[in-house]
Amino acid sequence: MKDERNITLKSHNSLKGLLLAEGNPSIHIYAIILFLASLLMTGYAVYYGNQSIQIPLVHLLNNPALYPNDPFAATLPYYSSMLWRVVALGVRVFPLEPLFIVLFLLERLLVIYAAGYLAQAFAPNSRLAVVAGMALFALAPNSILGHGDVLTNYFEQTGLTIPFLLLAIAAFYKNNPILWAIWMGVAFNLNSMYATYALTYFGAIFFTAPFYRRAWKKWIHAFGLFLLIASPNIILTASAFGKKTTDSNLWIVTSQVRFPHHLYPLTWSFISYLQFFTLAVLFVGFLYQNKQKWSKLFRHGIVWTGVCLLWLVYAFIAAYVAKSPPMLVMHPGRATDLWYCFAGIAIISGCAVKIEENHTRKTLLQATSIAGVLLGVLTTALSPKYIGLYVMLAGLIALIWEPIWNYVFERGNERRLALLLTSWVFLVGTGAFLSRFQNTRNVKDALIESPYTELRQIADWASKNTPLDAVFLVDPELEHFRSLSKRPVFVTWKDSSAMLWYRPYVKDWVERMRLLGFDITKSQEILDNEAFRVKLSSFYNNLSDADVSKIQINYSIRYWVVSAKKTSSFPVIFQNRKFKILNLQPREVR
């Protein structure tokens, strides 16, 4: 046991040694270059994605008087992430958009560091493994099944949770219970769902590995520390999870229309399953081939793969056997996201070690081929097409071009291969940026995606010229109007997300959709998000004055936002090139 503790301590300090040892200062430069490459790869977005949920929560925490008569806003206190409570405090001091971009940059820098740190845990003495792990995350790995998040292009709780879970995996692998408890506690407060997934992976290893069971006392103490740190979000999650839906059948029907990409495995594409099982075969085969050399990683990897497959089976049972809302809200298919992180960094670290240990062209060909398949499976969504083939091509060039071979492996110096890898990732990131630039023709827009001017104008007018209780009827596509205007909204397509943390809300959302002309209970189609939104917008655009008047019978809607081209008998109170705001209750507006 003493030897094991010494090995653990040595492993724990080895990344620090790699970072700080004389002659190795350039690892910091690699990290910064890969950080910049990752920003070029994905760009940055604000008022994007799930921020249509989270920004209103921030506003509501700072001003509880906001969003009266808005049933969606009433669900937000049950949103189970402590992150936005902290962000709300920050918004009291700093403007929201500058604060968000700073937090995003810190989040991205942290995930690059955490990926390198986990790679070092798997390969304690490999400089190249650290660079390769960071490079993998700079290339924006993507979720394969369940439409989850591994790396996001905007500031969001899951994107911030992933680096803390990577640090927790490294701490667990290095047998450091205290650090594990701290990182897991932080992760649980950020995103209890992903942290729960992680607990099942760690628990399976604990109960199957004698090494951990022998040290059960210190792990029990660590688990107590984790519970203490995570307690705020444990309480919040429990309060939300305890809310029962008033109509389970309605919840199931609605979830089939709104969340097939998250919840229903039979709607996921064949290509996605092919990618998933390709990665599984690659991972298990790679571990088995090296099980004698990396016995600990082999044992952990097999357990992780087994738990991942069990989560996938659970997803099928929850969706098609139990048909249970409490089971489905766990998004069981997304539990595979953490396995991608483990498997991806393990494979890329192993490839780096193989190259370092054996300077032969055959080894380079094998390692680059394996890395090429890995990157082709994990990074196709955000990276240029055929990224894996680019890696394989680089390996083939090194095989046939003697000057490159001699340069990279001169006197066994892996720094040059790290430099080559880092340069290549930066070029790929630059290519992704240039692709966006071709569409935007503007450097700022290619780097930062934000709401277009006309939407900001109508939201700004609403926030400055209408009372706090003025309810707006807007195109359900305009899910960020609520965030930008700080005014109640009748309904948007994104509001249905509330049924995942406050299940009774499903009744309100379905009823409001019906009033717009889309009866969820009669929909026989399985639609992806884009098709669903297009269909919903078409219903909205066809609303007549009479239709809107009928909605007003039961709902106190004050303003109607329509296309600038739409004709209506209601008076126009504000207009720009794209939108008109109609006053449904004509009276003096302050």
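Residues numbered from 1 in each chain as written. Predicted model: local features only at pLDDT ≥ 70, side-chain atom pairs only at ≥ 80, totals over all residues. Heavy atoms only, no water.

S.K.: A description of the overall build of the protein chain should follow, citing residues and the corresponding values.
M.R.: When helices and strands are counted, the protein chain shows 28 helices and six strands. Pairs at least 24 apart in sequence give 72% of the contacts found in the protein chain among residues at least 6 apart. By element, 63% of the accessible surface of the protein chain is carried by carbon and sulfur atoms, the whole surface being about 25,100 Å². (Helix = DSSP H or I, 4+ residues; strand = E, 2+ residues; numbered from the N terminus. Contact = heavy atoms within 4.5 Å. Areas by Shrake-Rupley, 256 points an atom, 1.4 Å probe, with all protein chains shown as cover.)

S.K.: Just give me the short version of the confidence of the model for the protein chain, but keep the residues and values in it.
M.R.: Averaged over all residues, the pLDDT of the protein chain is 87; the fraction at 70 or higher stands at 87%. Across residues 1-12 the pLDDT falls below 50, and counting only partners more than four positions away or on other chains, this stretch makes 13 contacts in the model. (pLDDT = per-residue confidence, 0-100.)

S.K.: Help me get a handle on the sheet that holds strand β3 (residues 471-473), residues and values and all.
M.R.: As a general point, the strands of a sheet are linked pairwise by backbone hydrogen bonds and lie either parallel or antiparallel. Pairing within the open sheet is mixed, and its four strands lie in the order β3-β4-β6-β5. Every interior strand has two partners, whereas the edge strands, β3 and β5 (572-575), have only one. Direction aside, the axes of adjacent strands within the sheet are offset by 25° on average. (Pairing = 2+ DSSP bridges. Axes fitted to C-alpha atoms, helices over the stretch in contact; angles between N-to-C directions.)

S.K.: Describe the pattern of salt bridges, and please don't skip the residues or the numbers.
M.R.: Within this structure, the stated rule accounts for nine salt bridges. The residue glutamate 454 makes a salt bridge to arginine 577 at a minimum N-O spacing of 2.7 Å. Here glutamate 454, found in helix α24 (residues 453-465), pairs with arginine 577, found in the loop between β5 and β6 (579-583); they are 123 residues apart in sequence, far enough to count as distant. (Salt bridge = Lys/Arg side-chain N within 4 Å of Asp/Glu carboxyl O.)

S.K.: Pulling in residues and values, what's your account of the pairing of β5?
M.R.: Pairing of β5 with β6 involves three bridges; the strand directions are antiparallel. Bridging from a neighbouring strand, glutamine 575 pairs with lysine 580 of β6. Remark: three residues form the turn of the hairpin made by β5 and β6, two consecutive strands paired antiparallel.

S.K.: Can you tell me about helix α18 (residues 336-357), naming the residues and giving the values?
M.R.: The end-to-end C-alpha distance of α18, which contains 22 residues, comes to 31 Å, matching closely the 32 Å that a straight helix rising 1.5 Å per residue would cover. With 20 of 22 residues buried, α18 lies mostly within the body of the structure. (Expected span 1.5 Å × (residues − 1). Buried < 20%, exposed > 50% of the residue type's maximum accessible area, 1.4 Å probe, protein only.)

S.K.: Outline the environment of alanine 195, supporting the account with residue identities and numerical values.
M.R.: The topology assignment puts alanine 195 in helix α10 (residues 192-208). Taking the C-alpha atoms as reference points, alanine 195 and tryptophan 183, separated by 12 residues in sequence, lie 10.0 Å from one another.

S.K.: An account of the nonpolar core is requested, with residue identities and associated values reported.
M.R.: Ranked by size, the top nonpolar core spans 198 residues in total, and within it Phe137, Leu166, Trp180, Trp339, Phe481 and Trp560 carry the most contacts. The leading source of residues in this core is α18, at 14 residues. Apart from the residues within four sequence positions on either side, phenylalanine 137 is in contact with Val111, Ile112, Ala115, Val150, Leu151, Ile162, Leu166, Cys341 and Ile345. (Core = buried A, V, L, I, M, F, W, Y, C linked by side-chain atoms within 4.5 Å.)

S.K.: I'd like to hear about the packing of α10 against α18, residue by residue, with values.
M.R.: Where α10 meets α18, the closest approach of the two axes is 9 Å, and the angle between their N-to-C directions is 60°. Considered as vectors, α10 and α18 are oriented oblique to each other. Taken as a pair, α10 and α18 cross one another with a handedness that is right-handed. Facing Tyr194, Tyr197, Ala198 and Tyr201 of α10, the residues of α18 in contact are Thr336, Asp337, Leu338 and Trp339. Within the contact of α10 with α18, the residues separate by chemical class into six nonpolar, one polar and one charged. (Parallel < 35°, antiparallel > 145°, perpendicular 65-115°, else oblique. Left-handed = near helix turned anticlockwise from the far one by under 90°. Nonpolar A, V, L, I, M, F, W, Y, C, P; charged D, E, K, R; others polar.)

S.K.: Before we move on, can you summarise the packing of helix α6 (residues 96-122) against α18 with the specific residues and values?
M.R.: For the pair α6 and α18, the least separation of the axes is 9 Å and the interaxial angle reads 60°. With respect to each other, α6 and α18 are oriented oblique. Here α6 and α18 pass one another in a crossing that is right-handed. Touching Ala115, Leu118, Ala119 and Phe122 of α6 are Phe342, Ile345, Ala346 and Ser349, all from α18. In the contact of α6 with α18, the residues fall into seven nonpolar, one polar and no charged.

S.K.: Now, about the packing of aromatic side chains: what can you tell me, with residues and values included?
M.R.: Describing an aromatic ring pair means giving the distance of the ring centres and the angle of the ring planes. By the definition in use, this model includes 50 aromatic pairs. Between tyrosine 79 and tryptophan 501, the aromatic rings sit 4.7 Å apart at their centres with planes inclined by 75°, giving edge-to-face as the arrangement. With tyrosine 79 in the loop between α4 (71-75) and α5 (83-91) and tryptophan 501 in the loop between α25 (481-485) and α26 (505-516), the pair connects residues that are 422 residues apart, well separated along the chain. Tryptophan 501 shares its class with tyrosine 79; the two are buried. Just above the ring of tryptophan 294 sits the side chain of lysine 293; from NZ or CZ to the centre is 5.4 Å. The ring centre of tyrosine 173 lies 4.4 Å from the NZ or CZ of lysine 296, which sits over that ring. (Phe/Tyr/Trp six-rings, centres within 6.5 Å; stacked < 30°, edge-to-face > 60°. Lys NZ or Arg CZ within 6 Å of the ring centre and 35° of its normal.)

S.K.: Break down the side chain of serine 52 for me, citing the residues and quoting the values.
M.R.: Here serine 52 is to be found in helix α3 (residues 51-62). A distance of 3.2 Å separates the side chain of serine 52 from the backbone oxygen of glycine 49, its partner in a polar contact. Residue contacts for serine 52: discarding those within four places in its chain leaves Phe72, Glu479, His480, Ser483 and Lys494. (Polar contact = N/O pair within 3.5 Å; in protein donor to acceptor, adjacent residues only side chain to side chain.)

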